[in-house]
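Per-entry structural report
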Amino acid sequence: MDSSAAIGTAGLDFQGNPGAAMHALATELYPICRSITGNGVRQTLEILRRELPGLKNFEVPSGTPVFDWTVPPEWNIRDGYIIAPDGKKIVDFQKHNLHVVGYSTPIDTTLSLEELKPHLYSLPEQPDAIPYMTSYYKERWGFCLTHEQLQSLQPGQYKVKIDSTLAPGSLTYAELLIPGEEPREVFISTYVCHPSMGNNELSGPVVTTALAKWLMALPRRRYSYRIVFIPETIGSIVYLSRNLATLKQRVVAGFNVTCIGDDRAYSYLPTRLGGTLSDRAALHALQQQAGDFKRYSYLDRGSDERQYCSPGADLPMASIMRSKYAMYPEYHTSKDDLSFITPSGLGGGFEALRKAVMAVEANATFQATTPGEPNLGKRGLYPTLSTKDTARQVRSMMNVLAYADGAHDLLAVADMLEVPVWDLAPIAATLEQHGLLKRLEDGNGGPVHAR
């Protein structure tokens, strides 16, 4: 797989500096008020479609049964504010959309401070941050504000208004299918359901967009790619309810893309039982990309891997992240803004995820065809002039042959040799072309295909 292929040309320039392009896309998407349903999701997907013209929207009506759940009513909001007794607007949705509790029902009234306070939410431990709060499945209304603001409120009458609608509509998600040489698929999922937050919301969609553009620009793809942009939790449940049989038949590896845009750390969360191709590829990529990274347990799960890896679905969905959700103090607050994610953070997250995909694409299982070391010279594989570089090349070929026992796939060999599997793949291909290796099966549980 050619890792230097162009990432894309439409819309923003993702080719020369993908980190900057991803941050610019996040900046464009940041002001939109997204939720699990509504026009904010559609507006977000329309912008992403500019970069990914093949992205297709799907609408699932409110009230649709999806496994043990039901698609909720659609929520849209236009405005929300609190006017203090002195006439000043002290909480304003137009200035920050975290100020209104997600899925708030409409309200337009005047209340005393005592009547208003049960509807106000703050973070005493982070007094200058606005919390992110939602109430998807119980009707209520509320406002979020800094604890400093809450403490400064004076007795009196407060004008409160939330201009929203909660009514039958639909849940929206989008899907991009990128064909490869094989019908088997790599499944990439990310979410588009949070309002203005950087790492916990926008890093996933913008890194996934960059990955999709890179995949589409490759001269060849071994696998097909199924990429979805969904509302978290209810969206993945909806998607599974409509596609589970196909996913179980086709998916060989998958990655849930979230919290992948800051500079503080690299993180890994495994599939439910671990040991899948996705887990191995993720660990290999992170070792090559970062060396030092944080390893979490599936017991630390909290995103859509909960649905994809659940018994009955059992899809091989691992997660490569920067700072994991719920593990950084800015999480689910106004502090998770565009300054928390950076071009270099997004670029590093993209590189780690790209390398994991490259590992999946490169993996195969081989058997050496001759006992003993083969004669490379008579096949033109042994250099006639010995240099430090040619010695390294020969040693790499001999190492691949040494471990080509039919029991260890190329990814296992690469881990043993502590080298990138995508560097071993062309070596193995050359040895296969010269009849020194036989491809037993592709290392990913599928049949051998002539190449």
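The paragraphs below set out a description of the structure included in this document. (Residues numbered from 1 in each chain as written. Predicted model: local features only at pLDDT ≥ 70, side-chain atom pairs only at ≥ 80, totals over all residues. Heavy atoms only, no water.)

Side note on the sheet that holds strand β5 (residues 89–92)
Here we have 4 strands laid out as an open sheet, ordered β5-β4-β9-β6, and antiparallel in their pairing. With partners counted over all chains shown, the strands left at the sheet margins are β5 and β6 (107–112), one partner each. On average, each strand axis in the sheet is inclined to that of its neighbour by 15 degrees, with strand direction left out of account. As paired strands, strand β4 (residues 74–83) and β5 are joined by 3 bridges and run antiparallel to one another. Residue Ile-82 lies in a different strand from β5, and its bridge partner there is Val-91. (Pairing = 2+ DSSP bridges. Helix = DSSP H or I, 4+ residues; strand = E, 2+ residues; numbered from the N terminus. Axes fitted to C-alpha atoms, helices over the stretch in contact; angles between N-to-C directions.)

Here we look at the nonpolar core
Ranked by size, the top nonpolar core spans 81 residues in total, and within it Val-207, Leu-215, Phe-255 and Leu-431 carry the most contacts. In terms of residue count, the dominant contributor to this core is helix α9 (residues 343–362) (10 residues). Once residues lying within four places of it in the same chain are set aside, the contact partners of Val-207 are Met-22, Val-257, Ile-260, Leu-346, Gly-349, Phe-350 and Leu-353. Counting 53 residues, the second largest nonpolar core, distinct from the first, contains Trp-75, Ile-77, Met-317 and Met-321. (Core = buried A, V, L, I, M, F, W, Y, C linked by side-chain atoms within 4.5 Å. Buried < 20%, exposed > 50% of the residue type's maximum accessible area, 1.4 Å probe, protein only. Contact = heavy atoms within 4.5 Å.)

As for helix α11 (residues 410–417)
Residues of α11 that are buried: Leu-410, Leu-411, Ala-412, Val-413 and Ala-414. Phi for Glu-418, located one or two positions after α11, is positive at around 60 degrees.

Thoughts on empty space enclosed by the protein
If you walk through the whole model with that rule in mind, you get 2 cavities of 30 Å³ or more. Of the volumes computed, that of the largest cavity is approximately 60 Å³. Surrounding the largest cavity, Cys-33, Arg-34, Ser-35, Trp-75, Phe-93, Asn-97, Val-100, Gly-102, Tyr-132, Met-133, Thr-134 and Pro-195 form its lining. In terms of residue class, the lining of the largest cavity is made up of 7 nonpolar, 4 polar and 1 charged. The calculated volume of the second largest cavity comes to roughly 50 Å³. Lining the second largest cavity are Ala-364, Thr-365, Phe-366, Val-400, Tyr-403, Ala-404, His-408, Asp-409, Leu-410 and Val-413. Going through the elements one at a time, β17 (365–368), α10 (388–403), β18 (405–409) and α11 are the ones with two or more residues in the lining of the second largest cavity. Looking at the lining of the second largest cavity residue by residue, the class counts come to 7 nonpolar, 2 polar and 1 charged. (1 Å grid on protein atoms, 1.4 Å probe; cavity = no way out; pocket = protein on both sides within 12 Å on 5 of 7 lines; lining within 4 Å. Points joined across faces, edges and corners; volume = space filled by probe spheres on them. Nonpolar A, V, L, I, M, F, W, Y, C, P; charged D, E, K, R; others polar.)

Here we look at the packing of aromatic side chains
Note on aromatic pairs: each is described by the distance of the centres and the angle between the planes. All chains considered together, the criterion is met by 11 aromatic pairs. Here Tyr-173 and Tyr-239 contribute two aromatic rings whose centre-to-centre distance is 5.4 Å and whose plane-to-plane angle is 85 degrees, an arrangement assigned as edge-to-face. Here Tyr-239 lies in helix α6 (residues 234–250) and Tyr-173 lies in strand β10 (residues 170–178), a separation of 66 residues in the sequence. Taken as a pair, Tyr-173 and Tyr-239 share a single burial class, namely buried. Seen from their ring centres, Phe-187 and Tyr-308 are 5.2 Å apart, and the 80 degrees between their planes marks the pair as edge-to-face. One end of the pair, Phe-187, is in strand β11 (residues 185–191); the other, Tyr-308, is in helix α8 (residues 305–308), and 121 residues separate them in sequence. Accessibility classification places Phe-187 together with Tyr-308 in one group, the buried group. By the ring-pair criterion, three or more aromatic residues cluster together here, those being Phe-58, Tyr-173, Phe-187, Tyr-239 and Tyr-308. For the cation-ring pair, Arg-322 lies above Tyr-266, with the distance from its terminal atom to the ring centre recorded as 3.8 Å. The ring of Tyr-296 carries Lys-324 above its face, with NZ or CZ at 5.2 Å from the centroid. (Phe/Tyr/Trp six-rings, centres within 6.5 Å; stacked < 30°, edge-to-face > 60°. Lys NZ or Arg CZ within 6 Å of the ring centre and 35° of its normal.)

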